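Observations on the three-dimensional arrangement
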Protein chains: 2
Amino acid sequence: MTSNHIDSHASAEDAFERRNLEMDFEIERIAELVEERRARVVRLQFPEGLKRYGPYVAKRIRRQIDVTVLLSGNPCYGACDLDLDAEADLLVHFGHAEIPELAAQSVHFVEVRSDVDVIPVVNEALGLIRGPRVGLVTNVQHVHTLGSVRRCLESAGLQSSVGSGDGRIKYPGQVLGCNFSSARAIDVDEYLYVGGGTFHPLGVALATGKRVIAADPFLHRTSIPDANLIVKQRYALITKALDARTFCVLAGTKTGQRRLDLAFELVEQAMERGYDAYTVTINELTPWTLYQFPAEAYVNTACPRVTIDDAGRFKAPILTPIEFEMVIGRRALSAYALDEFAIS
Amino acid sequence: MTSNHIDSHASAEDAFERRNLEMDFEIERIAELVEERRARVVRLQFPEGLKRYGPYVAKRIRRQIDVTVLLSGNPCYGACDLDLDAEADLLVHFGHAEIPELAAQSVHFVEVRSDVDVIPVVNEALGLIRGPRVGLVTNVQHVHTLGSVRRCLESAGLQSSVGSGDGRIKYPGQVLGCNFSSARAIDVDEYLYVGGGTFHPLGVALATGKRVIAADPFLHRTSIPDANLIVKQRYALITKALDARTFCVLAGTKTGQRRLDLAFELVEQAMERGYDAYTVTINELTPWTLYQFPAEAYVNTACPRVTIDDAGRFKAPILTPIEFEMVIGRRALSAYALDEFAIS
């Protein structure tokens, strides 16, 4: 029985190892960096979708080099959230591209690009594209495919272009949940988004006002996100918040989500207009962390994706800074704009 | 309708204000400190039970002095968890006594003592006390009552004593969920715990092996916690963990919960004995933050209360460092001892 137990455990481990070998965690490069920097303690930080590989990656690093490895156990959803606690000499952050404006010597990024073939779903998307000028957008997992996507569109007689983003964006054509500058940088008729998830293509549509075709290579599915539906939902929340007298303004403390001066400014504006408002600093924003803070509406200056994507999970309207300015009468109600962490 | 709305809101605010006036948030002292230290930004941190008073206290401070007030939105369960983020010049921490070994110039503690009369429930507890030598223990909310509790016991013909704790304990007779040194400091036959909650009197019983009478002045209820029941539960988890081959060792990153060297040592010990083990650093330890870290048992070097009080909420056994040493054969299985943050 013991030997059976060990056998089944070993074969499960083998299967896991085979799966892992398909993903490039850059173990050799990490070992080199540890040696170059004479790091004694290295911390590995994974986003939620990759966290389960942590113990395995830690083991492979320790096999290569004598170093103490820590795994970051805190939730992580982007390169804006760097676990820079003093305990480690080197932070290796997996699954996201560096945000150039937050560059730090002590952080190394392992992007863990996807090797999925995007061309089949792009070919399918051709039937939805009207063109003729198509802007290409994607997330870091697929940025290396944009060249072949371009050729694919060109051979179908379409013009394609890829825009460069601002200081928050590392690669041409890359978008983040909080930054669509690479989409806005180009003058096109519509956009093709290559990648999984629903928020990024929706964000492109909201940020540009243009039609977006989303091509998901994992689910092999194409769709056209309805930005209008989101705008309607946002106006429903804005309308509800018009009755509010007390606002709780949230300021995030994660590395790349800090907009404390904006939070202060919003509280000032509210008080000048006779509203009651106060500022709460928070690391991990969840509906239950807000239960303790009574307010008729919340204003989130941290991650803009949470404000829109998770709106239904909060017990009171949660607004972006721009929406809040509409509510207190500082901005025209008709002037809707997406909240972004943009570098001017 | 609008005027009704305002009236009802105002009267609710009045009721809230009356309730608050009974609690001493030391507004004047905070205003003095802000002035003395020329603080521009002050952060207020409340434990969960007091968090809802935050916006009100912030407003009262702003009425006294021109300063920007931030509320800490992160969960907080003790003076071990100081929200020392760089954004504020001064942190005011409410509801806990300072932990002397963590003393920092930039933190001011407002203990928010309870004004509840403890004598009625102490009189009731007299019927359960065998004596003759009784050790008095309590939490910070009631430390100022120990003098009158002593007199009450003495007039009933009992000997009472109050012990001084180690560097983690501010007041004689005070206990924390992670430190019972003030109880162990005295040679008595049994203990009287004055205060609410079940974990502190249980901890005194576990740490000393003596009988404890708990007198809860809020619920006006006396009880004798059964430490044996907890020990049985702990041995059930220890026994289950004896089959584990892979351990996840948790290292807390809150100010006063750091035992990273201990975590490293435990991982080393496990690996020397042929087990698989890895270290995860975590700020807020919850069952769902562990879902991502596969292990057959967890070892918690952060808050000891969580390991015992919340054990049933985790999907695999969660052990204290001492229990883990039993499991890997480094300590006799019979040598049970409570995990404490003790200063030697």
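Quantities reported herein were computed from a predicted structural model and do not represent experimental measurements.

1. Regarding unusual backbone geometry
All names here are of chain A. Backbone torsion omega between Gly131 and Pro132 reads 0°, so that peptide bond is classified as cis. Within the secondary structure layout, Pro132 lies in the loop between helix H4 (119–125) and strand S5 (133–138). Non-glycine residue Glu26 carries a positive phi angle of around 55°. Even without being a glycine, Arg38 presents a positive backbone phi close to 50°. With respect to the helices and strands, the residue Arg38 is situated in the loop between helix H2 (27–36) and strand S1 (41–45). Residue Arg38 is classed as exposed on the basis of its relative accessible area, which comes to 74%.

2. Digging into the state of the cysteines
Simply put, disulfide is the name for a covalent bond between the sulfur atoms of two cysteines. Residue and element names in this part refer to chain B. The final tally for this structure, using the stated rule, is zero disulfides over all chains. The structure places no disulfide on Cys248, whose sulfur is separated from the nearest cysteine sulfur, that of Cys303, by 17 Å. Here Cys303 stays unpaired: no disulfide links it, and the sulfur of Cys80, its closest cysteine neighbor, is 6.2 Å away. By relative accessible area, Cys303 is classed as buried at 19%.

3. So, the relation of the copies chain B and chain A
Copy one and copy two of the chain differ by a rotation about an axis and a translation along that axis. Of the two same-sequence chains, chain B is brought onto chain A (RMSD 0.0 Å, axial shift 0.0 Å) by a rotation of 180°. As the rotation angle and translation indicate, the two copies are arranged about a two-fold axis. Taking C-alpha positions as the reference, the residue of chain B nearest the rotation axis is Glu284 of chain B, at 4.8 Å. When the interface residues of chain B are mapped onto chain A, 100% of them again lie at the interface, so the same face is used by both copies.

4. Some words on the environment of Glu87 of chain A
Of note, Glu87 of chain A is situated in the loop between strand S2 (68–72) and strand S3 (90–94). Along the backbone, Glu87 of chain A and Phe180 of chain A are 93 residues apart, and their C-alpha atoms lie at a distance of 34 Å. Look past the residues within four positions of Glu87 of chain A in its chain and what remains in contact with it is Val41, Arg43 and Leu70 of chain A together with Gly252, Thr253, Arg258, Leu260 and Thr281 of chain B. Among the polar contacts listed, one links the side chain of Glu87 of chain A to the side chain of Arg258 of chain B, at a separation of 2.9 Å.

5. Section: the sheet that holds strand S8 (residues 211–216) of chain B
All names here are of chain B. The sheet built from five strands is open, its strands ordered S6-S5-S7-S8-S9 with mixed pairing. Edge positions in the sheet fall to strand S6 (159–161) and strand S9 (221–223), since each has one partner strand and no second. Across the sheet, the mean angle separating the axes of adjacent strands is 25° when strand polarity is ignored. In this sheet, S8 lies alongside strand S7 (residues 190–194) in parallel orientation, the contact comprising five bridges. Considered in S8, the bridge of Val194 is made with Ala215. In this fold helix H5 (residues 146–155) packs onto strand S5 (133–138), S6 and S7, with an angle of close to 155° to the strand it touches most, S5.

6. Considerations on the pattern of salt bridges
Two side chains of opposite charge can pair, provided their charged atoms sit close to one another. Residue and element names in this part refer to chain A. Under the definition given, this model contains 50 salt bridges over all chains. Among the salt bridges present, the one from Arg113 reaches Glu111, with a minimum N-O distance of 2.8 Å. Classification of Glu111 as buried rests on a relative accessible area of 10%. Two residues, Arg330 and Glu325, come together in a salt bridge whose shortest N-O distance is 2.9 Å.

7. Topic: the pairing of strand S2 (residues 68–72) of chain B
Residues and elements named next belong to chain B. Counting buried positions over the five residues of S2 gives four, a clear majority of the element. Summarising the sheet, strand S1 (residues 41–45) and S2 pair through four bridges and their orientation is parallel. Counterpart to Val41 in the pairing with S2 is Thr68. Taken together, S1, helix H3 (residues 54–64) and S2 form a β-α-β motif whose crossover is right-handed.

8. Here we look at the interface of chain B and chain A
Listed per partner, the contact involves 41 residues of chain B and 42 residues of chain A. Of the roughly 3,400 Å² buried between chain B and chain A on both sides combined, carbon and sulfur atoms contribute 53%. Taken together, the connections running from chain B to chain A amount to six salt bridges. As a salt-bridge pair, Lys59 of chain B and Asp276 of chain A come within 2.8 Å of each other at their nearest N and O atoms.

Conventions adopted
- Residue indices begin from 1 for each chain and proceed along its sequence in written order.
- Each chain gets a letter, beginning with A, and each ligand a number, beginning with 1, in the order they are written.
- A pLDDT threshold of at least 70 governs which residues receive local features in this predicted model, and a stricter bar of 80 or more applies before side-chain atom pairs are shown or counted, although totals over entire chains, interfaces and linings include all residues.
- Values shown for side chains rest on all heavy atoms present in the structure; no hydrogens or waters enter the calculation.
- To qualify as a helix, a DSSP run of H or I must reach at least 4 residues; to qualify as a strand, a run of E must reach at least 2; elements of each kind are numbered from the N terminus.
- Residue exposure (1.4 Å probe, protein chains only): buried if accessible area is under 20% of the type maximum, exposed if over 50%, otherwise partly exposed.
- The disulfide definition used here is simple: a pair of cysteine sulfur atoms within 2.5 Å.
- Here the copies are superposed with least squares, the fitted atoms being C-alpha atoms of residues at a pLDDT of at least 70 in both.
- Residue contacts are counted whenever heavy atoms from the two residues lie within 4.5 Å of one another.
- Think of a polar contact as two N or O atoms within 3.5 Å of one another; within protein, one of them needs to be a possible hydrogen donor and the other a possible acceptor, and neighboring residues in sequence only count if both atoms come from side chains.
- Should DSSP find at least two bridges between two strands, the strands are regarded as paired.
- A fitted line through C-alpha atoms serves as each axis, taken over the contacting stretch for helices, and the angle formed by two N-to-C directions is quoted from 0 to 180°.
- For this document, the term salt bridge refers to a Lys or Arg side-chain nitrogen within 4 Å of an Asp or Glu carboxyl oxygen.
- The path from the first strand over the helix to the second decides the hand: if it runs clockwise while the strands point away from the viewer, the crossover is right-handed.
- Note on definitions: buried area is the accessible-area loss of two parts on being combined, 1.4 Å probe, summed for both.

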